[in-house]
Amino acid sequence: CDGLYYAHTRKDYDGKPLNIIHRDISPQNILVSFDGGVKLVDFGIAKAEGVTATATALSARALTPGFAPIEQYNGGTDERSDVYALGATLFALLTGILTPSATNMATGTPLPPPRQLNRLVPERYSKVIERAMRLQPRDRYQSIAEFYQALFDRRLTTHPVLPAGSAQPM
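The following paragraphs examine the structure supplied in this document. Everything numeric here is computed off the predicted structure, so don't read it as measured data.

**A closer look at the overall build of the protein chain**
Part 1: When helices and strands are counted, the protein chain shows 7 helices and 2 strands.
Part 2: Across the protein chain, helices and strands are ordered from the amino to the carboxyl terminus as α-β-β-α-α-α-α-α-α.
Part 3: Partitioning the intrachain contacts of the protein chain with sequence separation of at least 6 by distance along the chain shows that 57% fall at a separation of at least 24.
Part 4: Accessible area of the protein chain: about 9,500 Å², with a carbon and sulfur share of 57%.

**Let's talk about the pattern of salt bridges**
Part 1: Tallied over the entire structure, the rule returns 5 salt bridges.
Part 2: Across the salt bridge formed by R80 and D78, the nearest N and O atoms sit 2.6 Å from each other.
Part 3: Using a relative accessible area of 25% as the deciding quantity, one classes D78 as partly exposed.
Part 4: The salt bridge involving E123 is made with K127; its shortest N-O contact spans 3.3 Å. Placement of both E123 and K127 in helix 6 (residues 123-132) is noted, with a separation of 4 residues, approximately one turn of the helix.

**Quick notes on the layout of surface pockets**
Part 1: The computed volume of the largest pocket comes to approximately 570 Å³.
Part 2: Together, 19 residues line the largest pocket, and C1, D2, I30, V38 and L86 are the ones closest to its centre.
Part 3: When residues of the lining of the largest pocket are traced back to their parent elements, those giving at least two are helix 1 (2-9), strand 2 (38-40), helix 3 (79-95), helix 6 and helix 7 (144-152).
Part 4: Of all the elements, helix 3 adds the most residues to the lining of the largest pocket, at 5 residues.
Part 5: Here the residues of the lining of the largest pocket are counted per class, giving 15 nonpolar, 2 polar and 2 charged.

**Concerning the packing of helix 6 against helix 7**
Part 1: Contact geometry for helix 6 and helix 7: axes closest at 9 Å, N-to-C directions at 160°. Viewed along their axes, helix 6 and helix 7 adopt a mutual orientation that is roughly antiparallel. Like other packed secondary-structure pairs, helix 6 and helix 7 cross with a definite hand, here right-handed. Residues R124, Y125, V128, R131 and A132 of helix 6 form the contact with helix 7, whose own contacting residues are E146, F147, Q149, A150, L151 and F152.

**Description of the environment of E79**
Part 1: For E79, the location among the structural elements is in helix 3.
Part 2: Given the relative accessible area of 23%, E79 is considered partly exposed.
Part 3: Separated by 65 residues in the primary sequence, E79 and I144 have C-alpha atoms spaced 7.4 Å apart.
Part 4: Excluding its chain neighbours within four sequence positions, the residues that come into contact with E79 are H8, I21, Q142, S143 and I144.
Part 5: A polar atom in the side chain of E79 sits 3.0 Å from the backbone nitrogen of I144.

**Comments concerning helix 3**
Part 1: Across its 17 residues, helix 3 extends 24 Å between first and last C-alpha, which sits within 8% of the 24 Å expected from 1.5 Å per residue.
Part 2: Two residues or fewer after helix 3 comes G96, characterised by a positive phi angle close to 75°.

The rules behind each value
Residues numbered from 1 in each chain as written. Predicted model: local features only at pLDDT ≥ 70, side-chain atom pairs only at ≥ 80, totals over all residues. Heavy atoms only, no water. Helix = DSSP H or I, 4+ residues; strand = E, 2+ residues; numbered from the N terminus. Contact = heavy atoms within 4.5 Å. Areas by Shrake-Rupley, 256 points an atom, 1.4 Å probe, with all protein chains shown as cover. Salt bridge = Lys/Arg side-chain N within 4 Å of Asp/Glu carboxyl O. Buried < 20%, exposed > 50% of the residue type's maximum accessible area, 1.4 Å probe, protein only. 1 Å grid on protein atoms, 1.4 Å probe; cavity = no way out; pocket = protein on both sides within 12 Å on 5 of 7 lines; lining within 4 Å. Points joined across faces, edges and corners; volume = space filled by probe spheres on them. Nonpolar A, V, L, I, M, F, W, Y, C, P; charged D, E, K, R; others polar. Axes fitted to C-alpha atoms, helices over the stretch in contact; angles between N-to-C directions. Parallel < 35°, antiparallel > 145°, perpendicular 65-115°, else oblique. Left-handed = near helix turned anticlockwise from the far one by under 90°. Polar contact = N/O pair within 3.5 Å; in protein donor to acceptor, adjacent residues only side chain to side chain. Expected span 1.5 Å × (residues − 1).

What follows is the structure, given as structure tokens:
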């Protein structure tokens, strides 16, 4: 959540939000370091506001089935797309089962609640993940901060987001 929050709230030199959307969150793109730190990697198909429509359309063709939301198949992604993908990643990690593609779910393949597949998943987490993975973006959490709040019942606190290229605080 911290990495996505940072990407989603990153600003350019003029203070304008870049709105970087990762668009490829999956277990393969989340690494755990030897010291236990968690890193979000592979921003290869990420999209930032201000990128030309051609570049966005070309990169939209790449996606990871089972983790990409339905709107990504048409190229219309935003922060809620990353909410879906992170929910699908948590679903897979907690159940050991790859979610069906969003296109299959849209045509009738229902997604069982994570708790139904793994009784060790708390009911609260199961419901949070289910909401994060709703097919319509308007029905999901509207931001990573909102998703984090639902998961942990506390606000997402992270380092201040500074404009790209500015000096980091000591």
